[in-house]
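Observations on the model geometry
Chain residues, written in single-letter form:
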Amino acid sequence: SGGCSLSTATKNAQNQDLVTIYPNPSPSEFKLKPGTANVTGTFIVSVYDINGVKVDLFTMDNLNSTITFGQNLTSGIYNVVVQGEGLTQTIKVIKR
């Protein structure tokens, strides 16, 4: 893949993304939308700051809707970890 993606993912067997996060970087909030993996089940989304402190946590039933998060985050770099069904994806996001 080309471009300068900030997504570093532990991919599933099909080498597809569980989720996509945009805009990134963002001045206000992020949108997390389903990726190309098309998987079902309950997924836990954890947001960690640069020091590894969990600053947000929410669950998604099936990855079939877009959710908004990060409105309350201060400026900085965060790792968003999506876990479920034996799959994990980590995406680095920047809040401006």
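Note that this is a predicted model, so its numbers are computed, not measured.

Comments concerning the confidence of the model for the chain
Overall, the predicted model of the chain reaches an average pLDDT of 87, with 84% of residues at or above 70. Mean pLDDT across the elements of the chain bottoms out in strand β1 (residues 7-8) (50) and peaks in strand β7 (residues 76-84) (97).

Digging into the sheet that holds strand β6 (residues 67-69)
If you walk across this open sheet you meet the three strands as β2-β3-β6, and the pairing is antiparallel. The open sheet is flanked by β2 (19-22) and β6, the only strands paired with a single partner. Taking the axes of each pair of neighbouring strands and ignoring which way they run, one obtains an average angle of 25° across the sheet.

Side note on the packing of aromatic side chains
One pair of aromatic rings is described through two measures. These are the centre distance and the angle between the planes. For the structure shown, the criterion picks out two aromatic pairs. Ring geometry for F58 and F69: centres 5.7 Å apart, planes at 45°, overall tilted. Separated by eleven residues along the polypeptide, F58 in strand β5 (residues 54-61) and F69 in strand β6 bring together distant segments of the chain. In this structure F58 comes out as buried when scored by relative accessible area, which is 16%.

Quick word on the side chain of S26
Position of S26 among the secondary structure elements: in the loop between β2 and β3 (30-34). When neighbours within four sequence positions are excluded, S26 is seen to be in contact with I94, K95 and R96.

What to know about the nonpolar core
With 21 residues, the main nonpolar core has L18, I21, L32, F69 and V80 as its most contacted residues. Not counting the four nearest positions on each side in its chain, V80 is found in contact with I21, L32, V45, S46, V47, F69, Q89, T90, I91 and V93.

Concerning the environment of D49
Mapped onto the elements of the fold, D49 is located in strand β4 (residues 42-49). The buried category is assigned to D49, whose relative accessible area is 18%. Measuring from C-alpha to C-alpha, the distance between D49 and Y78 comes to 4.6 Å, with 29 residues separating the pair along the chain. Polar contacts involving the side chain of D49 include one to the main-chain amide nitrogen of N51, which spans 2.9 Å.

Side note on the pairing of strand β8 (residues 87-95)
Here β8 shows a buried face lined by L87, Q89, I91, V93 and K95 and an unburied face lined by T88, T90, K92 and I94. Looking at chain direction, β7 and β8 are connected through nine bridges and run antiparallel. When the sheet's bridge partners are listed, G76 is paired in β8 with K95.

Parameters and conventions
Residues numbered from 1 in each chain as written. Predicted model: local features only at pLDDT ≥ 70, side-chain atom pairs only at ≥ 80, totals over all residues. Heavy atoms only, no water. pLDDT = per-residue confidence, 0-100. Helix = DSSP H or I, 4+ residues; strand = E, 2+ residues; numbered from the N terminus. Pairing = 2+ DSSP bridges. Axes fitted to C-alpha atoms, helices over the stretch in contact; angles between N-to-C directions. Phe/Tyr/Trp six-rings, centres within 6.5 Å; stacked < 30°, edge-to-face > 60°. Buried < 20%, exposed > 50% of the residue type's maximum accessible area, 1.4 Å probe, protein only. Contact = heavy atoms within 4.5 Å. Core = buried A, V, L, I, M, F, W, Y, C linked by side-chain atoms within 4.5 Å. Polar contact = N/O pair within 3.5 Å; in protein donor to acceptor, adjacent residues only side chain to side chain.

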